[in-house]
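# Observations on the three-dimensional arrangement
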Amino acid sequence: RSAPFPDAHEPPTNRSLTPDDAAPLRALSWRELAKDGDGDGRPGLPDARALFVSIDAGRSLAWFRIDLKEAPPANWIGVNVALDCGADPSNGPGWWGKNTAFHSDRMITAWVFRVADRYEGMVGVASGEEAAAMRMTNRQEVHLAVDRGLKRVYLGVPAALVEGGGVRAVAAVGSAMIFSDDLPNEGAAILGPAARASGAGRSGTQSQRSE
């Protein structure tokens, strides 16, 4: 017989997230990782234009910034950053968007709805196996900020998550329910040593295309 309540040991399916203030993030030193063309997102959903990274040394956070074609919705947003942190680029589940050749072993997720002064939804940092099983919500530290004026959304995690050479990334936006657009569309953005340097941001796209 089914239990009336979920098992206490089962992973959560959603959690609350208090948004960060986007204003201080504007002053960080940003490095562009990838660009994306207009008009390749789903109609009515966010359309990504560029991906950036920065380290907030004062808080020991790595921030990913996704610039959008239009202002992000006021009451919902979906953001992912998939990371390939290992030496084997074919290890881990394949990406579900256009960039099917990309495989990841970490998935940062914030698929959320606005509820008063907080967000509710799927939030966490999952392993590749957990992400493949759609078990993406957990209590790992994740930060989210939305800047509607500058048409940006920010996703932050502890900086230690992206330390180490060779970390590759693909980002995506959509709603709290539906995937819309990813970037880059081929290969992956390479974080590299500059992603770990505070205040030493430099411009220029650095992406690795699939062989």
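Residues numbered from 1 in each chain as written. Predicted model: local features only at pLDDT ≥ 70, side-chain atom pairs only at ≥ 80, totals over all residues. Heavy atoms only, no water.

This next bit is on the packing of aromatic side chains. Taken as a whole and assessed by the stated rule, the structure comprises 5 aromatic pairs. Summarising the aromatic geometry, the rings of Trp-95 and Phe-179 are spaced 6.3 Å apart at their centres and angled 80 degrees between planes, so their arrangement reads as edge-to-face. Of this pair, Trp-95 sits in the loop between strand 5 (76-84) and strand 6 (106-115) while Phe-179 sits in strand 11 (residues 179-183), and the two are 84 residues apart along the sequence. Take Trp-95: its relative accessible area is 5%, and that puts it in the buried class. When the ring of Trp-96 is compared with that of Trp-111, the centres are 6.2 Å apart and the planes differ by 65 degrees; the resulting orientation is edge-to-face. With Trp-96 in the loop between strand 5 and strand 6 and Trp-111 in strand 6, this pair connects stretches of sequence that are 15 residues apart. (Phe/Tyr/Trp six-rings, centres within 6.5 Å; stacked < 30°, edge-to-face > 60°. Helix = DSSP H or I, 4+ residues; strand = E, 2+ residues; numbered from the N terminus. Buried < 20%, exposed > 50% of the residue type's maximum accessible area, 1.4 Å probe, protein only.)

Formed by 35 residues in total, the largest nonpolar core has its most connected members in Leu-51, Phe-64, Ile-66, Ile-108 and Leu-144. Residue assignment for this core shows that the elements contributing at least two residues are strand 2 (31-35), strand 3 (48-56), strand 4 (61-68), strand 5, strand 6, strand 7 (118-127), strand 9 (152-158) and strand 10 (168-174). Sequence-distant contacts of Phe-64, that is, excluding residues within four places in its chain, are made with Trp-30, Leu-51, Phe-52, Val-53, Val-81, Leu-83, Ile-108, Val-153, Tyr-154, Leu-155, Val-162 and Leu-191. Grouped together as the second largest cluster of nonpolar side chains are 12 residues, Met-122, Ala-126, Ala-131 and Ala-188 included. (Core = buried A, V, L, I, M, F, W, Y, C linked by side-chain atoms within 4.5 Å. Contact = heavy atoms within 4.5 Å.)

The next point concerns the side chain of Ser-104. Relative to the helices and strands, Ser-104 is located in the loop between strand 5 and strand 6. Filtering out sequence-adjacent residues up to four positions away, Ser-104 remains in contact with Ala-82, Leu-83, Asp-84, Asn-91, Gly-92, Pro-93 and Gly-128.

For the rest of this paragraph, the subject is unusual backbone geometry. Residues apart from glycine generally show negative phi values, whereas peptide bonds are mostly found in trans. Residue Pro-184 follows Leu-183 across a cis peptide bond; omega there is -5 degrees. When you line up the elements, Pro-184 lands in the loop between strand 11 and strand 12 (188-190). At Ser-60, a position not held by glycine, the phi torsion is positive, near 55 degrees. As for its placement among the helices and strands, Ser-60 is situated in the loop between strand 3 and strand 4.

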